[in-house]
Amino acid sequence: MSTPKEVIAVAKKAAVRMVDVKFVDTFGSWQHFSVPMGELTEEVFEEGFGFDGSSIRGWKSIEASDMLAMPDPTTAFIDPFCAVPTLSIIATIAETGTKEAYTRDPRGIALRAEQYLRGTGVADTAVFGPEAEFFLFDSVRFDHRTNGCFYEVDSGEAPWNSGRDEISGPGSGNLGYKIRHKEGYFPVAPSDTQQDLRTEMCLVMEQLGIVVERQHHEVATAGQAEIDFRFNTLVKTADTMMLYKYIIKNVARKHGKTATFMPKPLFGDNGSGMHTHQSLWNKGKPLFAGKEYAGLSPMALNYIGGILKHARALCALCNPTTNSYKRLVPGYEAPVNLAYSARNRSAAIRIPTFSESPKSKRIEYRPPDPAANPYLAYSALLMAGLDGILNRIDPGEPLDKNIYDLPPEDADRVPKVPSSLGEALDCLEADHEFLLRGDVFTKDFLNMWVEQKRREQDALRLRPHPYEFYLYYDC
């Protein structure tokens, strides 16, 4: 479906009764409202749906709250999780009256990033391919109060359940086959208990037009998983990532499971990343293939140079939670070192070498995690890479050694990602001019982002931690 007329025709053929309008908020969550099918006219694609934006975090104040949701016909799909036949459609947010794009709308930011790319003359298309990891748990419980706090997640395939009865009646007991820490890549059933669940997620994705490439258990215990989908242009990939999360969470809930994209839900095991593959194209021609290091072009090396130069600031958008920095620590395959390499997965940027085809030549930026708002993360990465191309930033020499095995004096010379959200926000405040070019991001948006994220940082900083009682209660 590419036009309003086609969307309406498909909806009528499917006997749609309701239309669900979805849009992404500042921090990467889908919000929605629904209207009867009769409200979906060709005119509404031009006029938009009015709504109150004052209750969306980081958006309008109450005295100027009217906004427009402008549906994009290319994003429509029949929602598989609604009892009543429902058409879902993704919207971009605009101001009332002028219909100008709202500068704090993440999808609008991503659209402006694509427009800025075309305006530079460097390329006409930015291609992104994320690999988002997640956990599937049997249950999760958490709470915080003045006098206490706790969290607990559970999974039947995790080693801490080796002493629990799994079957009842005669011969009751535990059947074993628990996945130990860091040994979840790639055991078969019965250790991998979630093959059928991931397959169902893939089938729903394919039903809705997502091209699935593979699914598998990931390194961590307790149901860490990954489903990879085919790369696409920046905005389309971000749209797909939102739909990807929606499908995974709803299929998990249907089967009595819970899915989380939280970067580090387990202590002592690997966290979840969102390795992001990137390349630039012009008139159907790949621009990152060449005869330089690892078969890259000079443009690709400059793109790497831009990302490495701005990587610490990028963390404020690509790793936007306090929990993100519990993943970005040595020892759990997390790419904390700001270097590039053709085969070193401990480097922040890896150049995949599975294929020699020029169409496959790309870079893989490994620090981002799936808690990031994809529209903001991909836009920021593109802006950093373009800064490297336009200013011919040299990325320096590649680092093909195992960074974790380097002597301390050599390892200390390799720049590192920030160690906390607060440090990342400091870096963004000091280094953000590259994001403002072409009015892709605005100072207003970045100021709001920093203010909101510092509140999160402070909320955690001010609360006693349960482990502090273990360490200090008897001091």
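Further up the page is the structure itself.
So, here's what we can say about the structure. (Residues numbered from 1 in each chain as written. Predicted model: local features only at pLDDT ≥ 70, side-chain atom pairs only at ≥ 80, totals over all residues. Heavy atoms only, no water.)

### A few points about the overall build of the chain
- In terms of helices and strands, the chain carries 13 helices and 18 strands.
- In summary, the chain has a C-alpha radius of gyration of 23 Å against a globular reference of 23 Å for 475 residues, a match within 12%.
- Dimensions of the chain along its principal axes, counting C-alpha atoms only, are 65 × 60 × 50 Å.
- Taking all 475 residues of the chain together, 53% fall into the buried category.
- In the chain, once contacts between residues fewer than 6 apart in sequence are set aside, the share between residues at least 24 apart is 67%. (Helix = DSSP H or I, 4+ residues; strand = E, 2+ residues; numbered from the N terminus. Rg over C-alpha atoms; globule rule 2.2 N^0.38 Å. Buried < 20%, exposed > 50% of the residue type's maximum accessible area, 1.4 Å probe, protein only. Contact = heavy atoms within 4.5 Å.)

### Describing the pattern of salt bridges
- All chains considered together, the criterion is met by 26 salt bridges.
- Its salt-bridge partner being R107, residue D72 comes within 2.9 Å of it at the nearest N-O pair. Linking D72 in the loop between β4 (66–71) and β5 (77–78) with R107 in helix α3 (residues 106–120), this pair joins segments that are 35 residues apart in sequence.
- Since its relative accessible area comes to 3%, R107 is described here as buried.
- For the salt bridge of R230 with E213, the shortest nitrogen-to-oxygen distance reads 2.7 Å. (Salt bridge = Lys/Arg side-chain N within 4 Å of Asp/Glu carboxyl O.)

### Here's the deal with the nonpolar core
- Ranked by size, the top nonpolar core spans 99 residues in total, and within it Y244, L280, L382 and F441 carry the most contacts.
- In terms of residues, this core owes the most to one element, helix α6 (residues 298–318), which gives 13 residues.
- Beyond its immediate stretch of four places on either side in the chain, F441 contacts I109, L317, L376, S379, A380, L435, L436 and L446.
- V35, F45, F49 and Y102 belong to the second largest nonpolar core, which has 25 residues in total. (Core = buried A, V, L, I, M, F, W, Y, C linked by side-chain atoms within 4.5 Å.)

### A closer look at the packing of α6 against helix α10 (residues 421–430)
- Where α6 contacts α10, the axes come no closer than 7 Å and their chain directions differ by 120°. Comparing their axes, α10 and α6 come out oblique. Where α6 crosses over α10, the two elements pack in a sense that is left-handed. Contacts between α6 and α10 involve R312, A313, C315 and A316 from the former and E423, A424, L425, C427 and L428 from the latter.
- Broken down by class, the residue content of the contact of α6 with α10 amounts to 7 nonpolar, no polar and 2 charged. (Axes fitted to C-alpha atoms, helices over the stretch in contact; angles between N-to-C directions. Parallel < 35°, antiparallel > 145°, perpendicular 65-115°, else oblique. Left-handed = near helix turned anticlockwise from the far one by under 90°. Nonpolar A, V, L, I, M, F, W, Y, C, P; charged D, E, K, R; others polar.)

### A look at the environment of S360
- Within the secondary structure, S360 sits in the loop between β17 (347–350) and β18 (363–365).
- Relative accessible area serves as the criterion here: at 23%, S360 is assigned to the partly exposed category.
- As for S360 and K326, which are separated by 34 residues in sequence, their C-alpha atoms are 32 Å apart.

### Some remarks on unusual backbone geometry
- Between Y185 and F186 the backbone carries a cis peptide bond, its omega angle lying at 0°.
- With respect to the element layout, F186 can be found in the loop between β9 (148–154) and α4 (195–207).
- Positioned with a positive phi, Y177 is a non-glycine residue whose angle comes to about 60°.
- Along the chain, Y177 turns up in the loop between β9 and α4.
- For Y177, a relative accessible area of 51% gives the class exposed.

### Here's the deal with the packing of helix α5 (residues 234–254) against helix α8 (residues 374–390)
- Where α5 meets α8, the axes come as close as 9 Å, and the angle between the chain directions of the two elements is 150°. One finds that α5 runs roughly antiparallel with respect to α8. Like other packed secondary-structure pairs, α5 and α8 cross with a definite hand, here right-handed. Contacts between α5 and α8 pair L234, V235, T237, A238, D239, M241 and M242 from the former with P374, Y375, Y378, S379 and L382 from the latter.
- When grouped by side-chain class, the residues that make up the contact of α5 with α8 number 9 nonpolar, 2 polar and 1 charged.

### Description of the side chain of S379
- Among the structural elements, S379 can be located in helix α8.
- On the basis of relative accessible area, S379 is assigned to the buried category, the value being 0%.
- Those residues in contact with S379, other than ones at most four positions away along the chain, are I109, A110, A113, L234 and F441.

### Quick notes on the pairing of strand β2 (residues 30–36)
- With 7 bridges connecting them, strand β1 (residues 18–24) and β2 associate as antiparallel partners. Looking at β2, one finds that K22 is bridged to H32.
- Joining the antiparallel neighbours β1 and β2 is a turn of 5 residues, in which G28 adopts a positive phi near 100°. (Pairing = 2+ DSSP bridges.)

### What about α4?
- Taking 1.5 Å of rise per residue, 13 residues should cover 18 Å, and α4 covers 18 Å from first to last C-alpha, within 8% of that figure.
- If you check which residues of α4 are buried, you get L197, R198, M201, C202, V204 and M205. For α4, the buried positions fall inside an angular range of 165° around the axis, keeping them on one side. Facing away from the buried side of α4 by over 90 degrees, the exposed positions are D196, L203 and Q207. (Expected span 1.5 Å × (residues − 1). Arc of directions from axis to C-beta.)

### Regarding the packing of aromatic side chains
- Tallying each qualifying case throughout the model produces 21 aromatic pairs.
- Ring centres 5.5 Å apart and planes at 75° place the aromatic pair W59 and Y102 in the edge-to-face group. Taken as a pair, W59 in the loop between β3 (49–52) and β4 and Y102 in the loop between β6 (86–95) and α3 lie far apart in primary sequence, 43 residues in all.
- For Y102, a relative accessible area of 5% translates into the label buried.
- Ring geometry for Y185 and F186: centres 3.8 Å apart, planes at 45°, overall tilted.
- We classify F186 as partly exposed; its relative accessible area is 46%.
- Here a set of aromatic residues connected by ring pairs shows up, and it is made of F23, F33, F49, F51, W59 and Y102.
- The side chain of K453 reaches across the aromatic face of W449, ending 5.1 Å from its centre. (Phe/Tyr/Trp six-rings, centres within 6.5 Å; stacked < 30°, edge-to-face > 60°. Lys NZ or Arg CZ within 6 Å of the ring centre and 35° of its normal.)

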